[in-house]
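Chain by chain, the residues:
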2 protein chains.
Amino acid sequence: MGRWQPGARERLEQAALDLFLEQGFTETTVPQITARAGLTTRTFFRHFADKREVLFAGEESVPEQVARFMAEAPPSLGPMELITEGLAPAAAEIFEGRSLDYLLRRRAVIDAEPALRERELRKFSLMAEALEQGFRDRGVDDLTAQLAAELAVTTFRIAATRWLNQHGDPDLPATVNQTLAAMRHLTNTLST
Amino acid sequence: MGRWQPGARERLEQAALDLFLEQGFTETTVPQITARAGLTTRTFFRHFADKREVLFAGEESVPEQVARFMAEAPPSLGPMELITEGLAPAAAEIFEGRSLDYLLRRRAVIDAEPALRERELRKFSLMAEALEQGFRDRGVDDLTAQLAAELAVTTFRIAATRWLNQHGDPDLPATVNQTLAAMRHLTNTLST
DNA sequence: CATAGTCATGGCATGTCGTGTCATCACTAT
DNA sequence: ATAGTGATGACACGACATGCCATGACTATG
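Treat the numbers as computed from the prediction; the structure is a model and nothing was measured.

Draft legend 1. Quick look at the overall build of chain A. The secondary structure content of chain A amounts to nine helices and zero strands. In chain A, the succession of α and β elements from N to C terminus is α-α-α-α-α-α-α-α-α. In terms of overall dimensions, chain A has C-alpha extents of about 65 × 35 × 25 Å along its principal axes. A total of 192 residues make up chain A; the buried ones form 50% of that total. For chain A, contacts bridging at least 24 residues in sequence account for 63% of all contacts bridging at least 6. The positive charge centre, built from 22 side chains, and the negative charge centre, built from 28, are 6 Å apart in chain A.

Draft legend 2. Main features of the relation of the copies chain B and chain A. For the pair chain B and chain A, the relating rotation is 180 degrees, the translation along its axis is 0.0 Å, and the fit reaches an RMSD of 0.0 Å. The superposition operator between the copies reduces to a two-fold rotation axis. Residues of chain B ranked by C-alpha distance from the rotation axis are headed by B:Glu118, positioned 2.9 Å from it. Taken as a fraction of all interface residues of chain B, those also at the interface in chain A reach 100%, which identifies the copy contact as same-surface.

Draft legend 3. Region of the structure containing the interface of chain B and chain A. Between chain B and chain A, the contact holds 30 residues from the first and 30 residues from the second. Taking both partners together, chain B and chain A bury about 3,000 Å²; carbon and sulfur atoms supply 72% of that area. Our count for the chain B to chain A interface comes out at six salt bridges. The partner of B:Arg122 in a salt bridge is A:Glu118, and the shortest N-O contact between them spans 3.6 Å. Across the contact surface, chain B and chain A share four residue pairs in polar contact (both at pLDDT 80 or more). Of all the secondary-structure elements, those providing two or more residues to the side of chain B that touches chain A are helix H5 (79-95), helix H7 (114-137), helix H8 (142-165) and helix H9 (172-188) of chain B. The element contributing the most residues to the side of chain B that touches chain A is H8(B), with eleven residues. In the side of chain B that touches chain A, the residues fall into twelve nonpolar, ten polar and eight charged.

Draft legend 4. Molecular detail of the packing of aromatic side chains. Considering all chains together, one arrives at twelve aromatic pairs over all chains under this definition. Ring centres of B:Phe44 and B:Phe48 lie 5.4 Å apart, and the angle between their planes is 50 degrees; on these two criteria the pair is classed as tilted. No difference in accessibility class separates B:Phe44 from B:Phe48, as the two residues are buried. Note on B:Phe95 and B:Phe156: the rings are 5.9 Å apart at their centroids and 35 degrees apart in plane angle, and the pair reads as tilted. Taken as a pair, B:Phe95 in helix H5 and B:Phe156 in helix H8 lie far apart in primary sequence, 61 residues in all. Its relative accessible area of 18% is what places B:Phe95 among the buried residues. Joined through ring pairs, the aromatic side chains of A:Phe95, A:Phe124, A:Phe156 and A:Trp163 make up one cluster. Here the basic side chain of B:Arg119 rests over the ring of B:Phe56, its NZ or CZ set 4.5 Å away from the ring centre.

Draft legend 5. Looking closely at the UniProt feature "DNA-binding region" (unreviewed entry) in chain A. Mapped onto the present numbering, the UniProt feature "DNA-binding region" (unreviewed entry) falls at residues 29-48 of chain A. As annotated, residues 29-48 of chain A comprises 75% helix and 0% strand, and the C-alpha atoms at either end are separated by 14 Å.

Draft legend 6. Molecular detail of the protein's contact with DNA strand C. Around DNA strand C, 22 residues are found, and the nearest of them are A:Thr40, A:Thr43, A:Arg46, A:His47 and B:Arg42. Broken down by element, the residue count for the surface near DNA strand C peaks at four residues, all from helix H3 (residues 41-47) of chain A. Residue composition of the surface near DNA strand C, grouped by class: six nonpolar, eight polar and eight charged.

Draft legend 7. Highlighting the packing of helix H8 (residues 142-165) of chain A against H8(B). At their nearest, the axes of H8(A) and H8(B) sit 10 Å apart, and the two run at 150 degrees to each other. By the angle between their axes, H8(A) is roughly antiparallel relative to H8(B). Crossing hand, H8(A) versus H8(B): right-handed. Side by side, H8(A) and H8(B) meet where A:Leu143, A:Gln146, A:Leu147, A:Glu150, A:Leu151, A:Thr154, A:Arg157, A:Ile158 and A:Arg162 of the first sit next to B:Leu143, B:Gln146, B:Leu147, B:Glu150, B:Leu151, B:Thr154, B:Arg157, B:Ile158 and B:Arg162 of the second.

Cut-offs applied
Residues numbered from 1 in each chain as written. Chains lettered and ligands numbered in written order. Predicted model: local features only at pLDDT ≥ 70, side-chain atom pairs only at ≥ 80, totals over all residues. Heavy atoms only, no water. Helix = DSSP H or I, 4+ residues; strand = E, 2+ residues; numbered from the N terminus. Buried < 20%, exposed > 50% of the residue type's maximum accessible area, 1.4 Å probe, protein only. Contact = heavy atoms within 4.5 Å. Lys, Arg positive; Asp, Glu negative; His and termini not counted. Charge placed at Lys NZ, Arg CZ, Asp CG, Glu CD. Least-squares fit on C-alpha atoms with pLDDT ≥ 70 in both. Buried area = accessible area lost by both parts, 1.4 Å probe. Salt bridge = Lys/Arg side-chain N within 4 Å of Asp/Glu carboxyl O. Polar contact = N/O pair within 3.5 Å; in protein donor to acceptor, adjacent residues only side chain to side chain. Nonpolar A, V, L, I, M, F, W, Y, C, P; charged D, E, K, R; others polar. Phe/Tyr/Trp six-rings, centres within 6.5 Å; stacked < 30°, edge-to-face > 60°. Lys NZ or Arg CZ within 6 Å of the ring centre and 35° of its normal. UniProt positions renumbered as here; feature names shortened; annotations may be inferred. Near = heavy atom within 4 Å. Axes fitted to C-alpha atoms, helices over the stretch in contact; angles between N-to-C directions. Parallel < 35°, antiparallel > 145°, perpendicular 65-115°, else oblique. Left-handed = near helix turned anticlockwise from the far one by under 90°.

Okay, here's the thing in structure tokens:
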């Protein structure tokens, strides 16, 4: 018991994902997860704010990634140019390090549970806030910054979904650019 | 006690909103709400699936409104034309019947509580799904339907927020159209 | 080598949420 | 009248989440 369970967090994440796939999210209790990971219930809530968070660990850094990405981009780019050129590489960076299989299993769990879908929406909302702030820092006015941020996140989200639906082929940057092209085509029909 | 507490639902909504404003959402317990409304805790959960839903009653009909609105629009309109012409009146219809004061108080509560912001995001997600289905029913391909739906909902959401920020003046349709104009301007910078 | 300090964990108590179940009462239809 | 319907009351209960304190393992310092 004392200190240190190396990888306790990782074991909890793994046990939780397995159990969610086997039995469903609602049917799985926190004591079941901690029993499989060899820990106690109280410890689970020290690592994760609530039961859902065990599926979203590590995504706290995404807003920072977004902010850094925007700060490093050439200041001369307008918001729409930045999206067109930067969204695909940024998307690749966000998913880097996670296997396609893990992402597919994780999404199966999330899709099956409304409470988890809500949490997923919040993730994208946080991304949009970071993007919006980044645009404002580049001198874009508030309304345009918000619109551009939401446009980018929406495109990213739809592209990521499509990418998983087609099991990773074509790859994510290509899918993002296809989705951007479709968005461009759609909005061009408005410019009359 | 037997049957019938006329307006039980409405009294619960009113008591809940008041208490949330006085003490905050988390600090307010369901027994406190039901005590103020003269009912029991069990009855609360017969009217609302969970504590948050008391703030979202009546919004189940929004997806149906959206579907009807789209079905009634001229079939000749393309997705972007439909948004340009239909979003402002549709937005007006959605908020019709609720006082600006109620909407502002309600938003103050929602903004203060992450769990309620998540629920709000789900509401817009449901709107987008209804819109997407509507576009598909009009013969639009899947990707374009999804993009157009998300674009419309995003514009609506941003416009509604701005409208409340400016306390209702200018009115919602005007604000929607201003927001649409800004979106048009933003995306036009992409059409090179 | 000893001692104090730090930190993840265990264990316990507690409050709130949300649901299942059954009884009861008011009103309605026949 | 009598049976049916539907909202409510009352109770039990499990799961989630948090506060609090104790403990044991590792670390730093003398």
